[in-house]
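Architecture at a glance
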Amino acid sequence: MNALATEQLPWHQVPWEMLSIARHSDRLPHALLLVGNAGLGKWQFAQQLAHSLLCHSSDQSGHPCCSCQSCHLFNAGTHPDLQKIIPDPESKSGDIRIDDIRQMSNKEALTAQAGGYKVILIHPAERMTAAAANSLLKTLEEPTAQTRIILVSSYPHRLPATIRSRCQQIRFTAPAKEEATQWLQQQGVTSGAETLLGLSGGSPLAALALSQPEIIQERDQQLAEFLALAKGQADLTTVAARWAKLDQTRTLTWLSGWLIDIIRLQTADGTVQLFNPDQREILHTVGKRLKSKLLHQLLEAVHEARRLADSTLNSQLILEDLLIQWSNGFN
Ligand SMILES: [Zn+2]
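Here, residues in each chain are numbered from 1, in the same order as that chain's written sequence. It should be noted that, the model being predicted, local features are given only for residues of pLDDT at least 70 and side-chain atom pairs only at 80 or more, the latter also being counted only at that level, while totals for whole chains, interfaces and linings use all residues. Side-chain measures here rest on the full set of heavy atoms in the structure, leaving out hydrogens and waters.

Things to note about the environment of T190
In this description a helix means any DSSP run of H or I spanning at least four residues, a strand means any run of E spanning at least two, and both kinds are numbered starting from the N terminus. Relative to the elements of secondary structure, T190 occurs in the loop between α9 (177-186) and α10 (193-199). It is 9.8 Å that separates the C-alpha atoms of T190 and S211, two residues lying 21 residues apart in sequence.

The structure is reproduced here in structure tokens:
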């Protein structure tokens, strides 16, 4: 693991201590569900917790010793009592299938070989198919003494309620802006922290991922094109064709961020928190020319497009449709 992955993130301290206390009093739940927005490091936390549980001599606060046999196996990625269930990178659907769950849920697979805990990590848990979730449910209903199952999900509402109710939920929330900014500075982000945090909804790891200058430059260009369409100064088909070649999830995230900011600026005072704090003036100005009903309709269409982003639908047509609605709002 890299340095970032072994370091304890400052905003993880509270959930970590809570679980540490539960563990030392022998009350660590058999199944945990780590929830919260993407970009808060839940997957990293899950792996650190697994490491801690597998180490034979972790310290009082649960940090692994990093020198025992178990730690060596963990660091080499070959620990026999750790199982990570993630979608097959080759699979188009990105789903976690029933076979993946079945493999871990036979009795033998649930028994620790090294005499300590057996840890199973499932991420992203909401990608389990209905059959996979059903199969997991049976395992959750009959817990094995030393086995701990840790599910990670940024969209826990997509999980069956029966799964959610059998796990103890650990909720991760974005740290305060000052704490996040300080952490970003430690990672070498020397400027624009406020914008990056705005764009990522306050999630520091997501902000860090956006911190390459090309990404912000790309947003600036897309926003310029979006605003040019509002003035009838750009060709809609050309813009949609260019956008269709870019990362769709990111484009739709930008779009929803601009629309939400415009809506907020129409209704709130000058101090309202924005996704694009560096674009406040320009978004405020454009918002004066738009009806709030249209903005809400567009936002809904963007959310629908995000839901379909994984599918094989023609993304250029979807984008064209969104941009037509946007341009028409100024006629
Ligand atoms: Zn150790």
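So, the coordination of the zinc ion
Each metal's donors comprise the N, O and S atoms found within 2.8 Å of it (within 3.2 Å for Na, K or Ca). Water is not part of the atom list, so some coordination spheres may appear incomplete. In this structure, C55 (SG), C65 (SG), C68 (SG) and C71 (SG) serve as the protein donors to the zinc ion, at separations of 2.3 Å. Coordination geometry of the zinc ion: the 4 donor atoms subtend angles of 102 to 118° at the metal centre, consistent with an arrangement described as tetrahedral. All donors to the zinc ion come from one chain, and their sequence spacing reads C-x9-C-x2-C-x2-C. For every residue, the accessible area obtained with a 1.4 Å probe (protein chains only) is divided by the maximum for its type, and the residue is called buried under 20%, exposed over 50%, and partly exposed between those limits. Residue C68 is classed as buried on the basis of its relative accessible area of 13%. Angle rules define the geometry names used: all angles between 85 and 135 degrees makes four donors tetrahedral, while opposite donors over 155 degrees apart and all other angles between 65 and 115 make four donors square planar and six octahedral, leaving every other case irregular.

Observations concerning empty space enclosed by the protein
We place a 1 Å grid over just the protein atoms. Points where a 1.4 Å probe fits but has no way out form a cavity, open points with protein on both sides within 12 Å along at least 5 of 7 lines form a pocket, and any residue with an atom within 4 Å of a point lines it. Grid points are joined across faces, edges and corners, and a volume is the space filled by probe spheres set on the points. On inspection of all chains with the given rule, the structure shows 1 cavity of 30 Å³ or more. Here the largest cavity defines a volume of roughly 50 Å³. If you trace the largest cavity, you find it lined by W16, L19, S20, R23, L49, S52 and G62. Elements represented by at least two residues in the lining of the largest cavity include exactly α2 (13-24) and α3 (42-54). In terms of residue count, the dominant contributor to the lining of the largest cavity is α2 (4 residues). Amino acids outside the nonpolar list (Ala, Val, Leu, Ile, Met, Phe, Trp, Tyr, Cys, Pro) and the charged list (Asp, Glu, Lys, Arg) are all regarded as polar, and Gly is one of them. By residue class, the composition of the lining of the largest cavity is 3 nonpolar, 3 polar and 1 charged.

Thoughts on helix α16 (residues 292-308)
Relative to the 24 Å expected for 17 residues at 1.5 Å per residue, α16 spans 25 Å between its end C-alpha atoms, a close match to the ideal helical length. Along α16, the positions that sit buried rather than exposed are L294, L295, L298, L299, A301, V302 and A305. Seen from one end, α16 has its buried residues packed into an arc of 160°, which puts them on one side. Exposed and oriented more than 90 degrees from the buried face of α16 are K293, E300 and R307. Expected span of a helix, by definition, is 1.5 Å for each gap between consecutive residues, and there is one gap fewer than residues. The arc in question is formed by the directions pointing from the helix axis toward the C-beta atoms.

Some details on the packing of helix α14 (residues 248-267) against α16
Between N-to-C directions, angles cover 0 to 180 degrees, with each direction set by a line fitted to C-alpha atoms, over the stretch in contact for helices. Close contact between α14 and α16 brings their axes to 10 Å; oriented N to C, the two are set at 155°. The orientation of α14 with respect to α16, classified from their angle, is roughly antiparallel. Here α14 and α16 pass one another in a crossing that is left-handed. Contacts between α14 and α16 involve L252, T253, L255, S256, L259, I260, I262, I263 and Q266 from the former and S292, L295, H296, L298, L299, V302, H303, A305 and R306 from the latter. Among the residues making up the contact of α14 with α16, the classes are represented as 11 nonpolar, 6 polar and 1 charged. Should an angle fall under 35 degrees it is called roughly parallel, over 145 degrees roughly antiparallel, and 65 to 115 degrees roughly perpendicular, with every other angle called oblique. In this scheme the handedness of a crossing depends on how the near helix is turned from the far one: anticlockwise by less than a right angle means left-handed, clockwise means right-handed. Only heavy atoms enter the contact rule, under which two residues are in contact if any of them lie within 4.5 Å.

Quick notes on the domain arrangement of the protein chain
Segmentation of the protein chain into domains returns domain 1 (3-171) and domain 2 (212-328). Annotation comment: domain bounds sourced from an automatic or database domain assignment. Measuring from the centre of the C-alpha atoms in domain 1 to the corresponding centre in domain 2 gives 37 Å.

A word on the packing of aromatic side chains
Whether two aromatic rings pair depends on their centres lying within 6.5 Å, for rings of Phe, Tyr and Trp, where Trp uses its six-membered ring; planes under 30 degrees apart make the pair stacked, over 60 edge-to-face, and the rest tilted. Under the counting rule described, the total for this entry stands at 8 aromatic pairs. Ring centres of W11 and W183 lie 5.2 Å apart, and the angle between their planes is 85°; on these two criteria the pair is classed as edge-to-face. Residue W11 is found in the loop between α1 (3-6) and α2, and its partner W183 is found in helix α9; the two are separated by 172 residues along the sequence. Take W11 and W183: they sit in the same class, and that class is buried.

Digging into the nonpolar core
Joining through side-chain atoms within 4.5 Å is the link that ties buried Ala, Val, Leu, Ile, Met, Phe, Trp, Tyr and Cys residues into a set, and such a set is a nonpolar core. Of all hydrophobic cores here, the largest spans 72 residues; its most connected members are L34, V119, F226 and W326. The greatest single-element share of this core, amounting to 9 residues, is contributed by α14. When residues of this core are sorted by domain, at least three fall in each of domain 1 (3-171) and domain 2 (212-328). In this structure L34 touches K42, F45, A46, I150, L151, V152, S153, I170 and F172, once residues within four positions along its chain are discounted. Within the second largest apolar cluster, 22 residues are counted, among which are I101, L110, A125 and L140.

Structural notes on unusual backbone geometry
The omega angle of the peptide bond from H123 to P124 is -10°, so this bond is cis rather than trans. Inspection of the secondary structure puts P124 in the loop between β3 (118-122) and α7 (130-141). The phi torsion at D26 lies on the positive side, around 60°, for a residue other than glycine. Under the relative-accessibility criterion, D26 is labelled exposed at 70%.

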